[in-house]
Amino acid sequence: MTAPDIAALDAAVDAAADRLRTLPESRLRRGAAARGLELARALAERAQRLERPGAPVRQLPDAGIYSVGDQVAVAGHDLAQALRETATADPAAAGEELTAALDLLRADLT
């Protein structure tokens, strides 16, 4: 099996992060920041599970509504890097995880 195209994840992460960074404060306060934080936490959890299987997962802290776009970017790109490393050993597992991560990001953008 060939390695999955992780560049698609990088692009989706950048789009989600940029969208959050450009939202007005009122939209962030009405729930967009909370949804963004949930997304960042889900991406961070997936990355941690790949990087340290079996280790306890640490929760991404709430850094405030103005930081949520950056949190999505960092967590998403961490996951992309973990997938790149996983893909060399297990391309099928990396492909499944990539699909799940892209589904999370697509759900957040709708």
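In what follows, the structure referred to is the one given above.
No experiment lies behind these values; they were computed from the predicted model shown.

Draft legend 1. Geometry of the overall build of the protein. Summing up its helical and strand segments, the protein has four helices and zero strands in all. Its C-alpha radius of gyration of 14 Å places the protein within 12% of the 13 Å reference for a compact globule of 110 residues. For the protein, buried positions account for 41% of its 110 residues. A total accessible area of about 6100 Å² is found for the protein, and carbon and sulfur atoms account for 53% of it. The averaged location of the 17 negative side-chain charges in the protein is 7 Å from the averaged location of its 13 positive side-chain charges.

Draft legend 2. Broad picture of the layout of surface pockets. Volume-wise, the largest pocket comes out at about 200 Å³. Counting residues per element, the ones that place at least two in the lining of the largest pocket are α2 (25-51) and α3 (68-89). Looking at side-chain class alone, the lining of the largest pocket contains five nonpolar, three polar and three charged residues.

Draft legend 3. The pattern of salt bridges, seen in detail. Inspection of the entire model under this criterion finds seven salt bridges. Measuring nitrogen to oxygen at the nearest pair gives 2.3 Å for the salt bridge that ties Arg84 to Asp10. Taken as a pair, Arg84 in helix α3 and Asp10 in helix α1 (residues 7-22) lie far apart in primary sequence, 74 residues in all. For Arg84, a relative accessible area of 34% gives the class partly exposed. In this structure, Asp103 engages Arg106 in a salt bridge whose closest nitrogen and oxygen atoms are separated by 3.4 Å. Taken together, the residues span about one helical turn, with Asp103 and Arg106 both in helix α4 (residues 91-109) at a distance of three residues. Residue classification places Asp103 among the partly exposed residues on the basis of a relative accessible area of 42%. Each of the salt bridges in this network shares a partner with another, and the network as a whole consists of Asp18, Arg21 and Asp70.

Draft legend 4. A look at the side chain of Gln48. By the secondary structure assignment, Gln48 is in helix α2. Overall, Gln48 belongs to the buried group, its relative accessible area being 11%. Apart from residues no more than four positions distant in its own chain, Gln48 is found in contact with Pro53, Pro56, Val57 and Arg58.

Draft legend 5. Layout of the side chain of Gln71. Position of Gln71 relative to the elements: it lies in helix α3. With a relative accessible area of 10%, Gln71 lands in the buried category. Setting aside chain neighbours within four positions, we find Gln71 in contact with Leu37, Ala40, Leu60, Pro61 and Ala63.

Draft legend 6. Spotlight on the packing of α1 against α3. Axis separation between α1 and α3 bottoms out at 8 Å; the angle between their running directions is 175 degrees. With respect to each other, α1 and α3 are oriented roughly antiparallel. Where α1 approaches α3, its residues Ala7, Leu9, Asp10, Val13, Asp14, Ala16, Ala17, Leu20 and Arg21 are matched on the opposing element by Val68, Gly69, Asp70, Val72, Ala73, Gly76, His77, Leu79, Ala80, Leu83 and Arg84. The residue inventory of the contact of α1 with α3, partitioned by class, reads twelve nonpolar, three polar and five charged.

Analysis parameters
Residues numbered from 1 in each chain as written. Predicted model: local features only at pLDDT ≥ 70, side-chain atom pairs only at ≥ 80, totals over all residues. Heavy atoms only, no water. Helix = DSSP H or I, 4+ residues; strand = E, 2+ residues; numbered from the N terminus. Rg over C-alpha atoms; globule rule 2.2 N^0.38 Å. Buried < 20%, exposed > 50% of the residue type's maximum accessible area, 1.4 Å probe, protein only. Areas by Shrake-Rupley, 256 points an atom, 1.4 Å probe, with all protein chains shown as cover. Lys, Arg positive; Asp, Glu negative; His and termini not counted. Charge placed at Lys NZ, Arg CZ, Asp CG, Glu CD. 1 Å grid on protein atoms, 1.4 Å probe; cavity = no way out; pocket = protein on both sides within 12 Å on 5 of 7 lines; lining within 4 Å. Points joined across faces, edges and corners; volume = space filled by probe spheres on them. Nonpolar A, V, L, I, M, F, W, Y, C, P; charged D, E, K, R; others polar. Salt bridge = Lys/Arg side-chain N within 4 Å of Asp/Glu carboxyl O. Contact = heavy atoms within 4.5 Å. Axes fitted to C-alpha atoms, helices over the stretch in contact; angles between N-to-C directions. Parallel < 35°, antiparallel > 145°, perpendicular 65-115°, else oblique.

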